[in-house]
Each structure stands twice: as C-alpha cells, then as structure tokens.
Amino acid sequence: MLSNLDPNSLLIAQEVAKNARKLEFVGLGLSLVSLLISIFIFSFFRRLRVFRNLLHLQLMIAILMVVIIRLILYIDLIFTDQHRGPDNSSSITSGTINTTVILIIFYRLQFCYYSQ
C-alpha cells in the first residue's frame, strides 16, 4: 500500500502528522496547566477536603503524572529528531533524556504517594 504513494503525498502525510503532534503537544500543555491549577485549588482550600474530593484529587494527580510522562517522551522525540544525520542515522551518542529512568522515578513516586 505504501509503495503506491508518490513522494508528494508522502510529504503531505508527514506534514499532517507533524501538525497533529504539535496540536497534541499544545493540548497536553493546556492539560498540565489546568491540572496544576485544579490540584492547587483542591489542596489549598480546607473546606474542599472531603472524601469524595480526595478521590478526585488523587485522580487528577494520576492524570498529571500521565501528562508529564507523555510530555517528557515527546520532548525526547523532538531532541532525538533534531540530532539525526542527513542519512537518517542518529548522530548523537548522549544527551537525550533517559526516559526509562524518568519512568522509574515516577513509578516510585506514585508508590510512595499511595502508600501514605
């Protein structure tokens, strides 16, 4: 199926994918800001500290971790793509974000948070 595509349509498809990634990046940024604001509101006001809202707070913290992880992965992809050579081989040996280490850190933070 891909062999039937001409180079022009392939470039258009790649441009659409890049624009969709930019739109997703903006959406994740807006989600990050709104989640931080809502977590601050739920944590700051003592009258909102009831059991039902505590569940919502924990859900927002879990969603916040997912958003941060996805942003880190996308930023890592951006840095990796910027350091590619002309033959599409990686010309960088170090300097990209080690996403495995960051995911392990978030996993351990989540475990510490829920074990309280």
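What you are looking at is a predicted structure, and each value in this text was computed from that prediction instead of being measured.

Structural notes on the pattern of salt bridges
- Across all of its chains, the model carries two salt bridges by this definition.
- A salt bridge links Arg-21 to Glu-24, with the shortest nitrogen-to-oxygen separation between them at 4.0 Å. In this pair, Arg-21 and Glu-24 are both assigned in helix α1 (residues 7–44), three residues apart and thus about one turn of the helix distant.
- Residue classification places Arg-21 among the partly exposed residues on the basis of a relative accessible area of 37%.
- Judged by relative accessible area, Glu-24 falls into the partly exposed class, the value being 27%.

A closer look at the nonpolar core
- By size, the foremost hydrophobic cluster in this structure holds 13 residues, and its most contacted members are Leu-28, Leu-35, Ile-39, Ile-61 and Val-67.
- Elements with a minimum of two residues in this core: α1 and α2 (51–82).
- Here the element with the most residues in this core is α2; it accounts for nine residues.
- Aside from chain neighbours lying at most four places away, what touches Val-67 is Leu-28, Ser-31, Leu-32 and Leu-35.

Conventions adopted
- Residues numbered from 1 in each chain as written.
- Predicted model: local features only at pLDDT ≥ 70, side-chain atom pairs only at ≥ 80, totals over all residues.
- Heavy atoms only, no water.
- Salt bridge = Lys/Arg side-chain N within 4 Å of Asp/Glu carboxyl O.
- Helix = DSSP H or I, 4+ residues; strand = E, 2+ residues; numbered from the N terminus.
- Buried < 20%, exposed > 50% of the residue type's maximum accessible area, 1.4 Å probe, protein only.
- Core = buried A, V, L, I, M, F, W, Y, C linked by side-chain atoms within 4.5 Å.
- Contact = heavy atoms within 4.5 Å.

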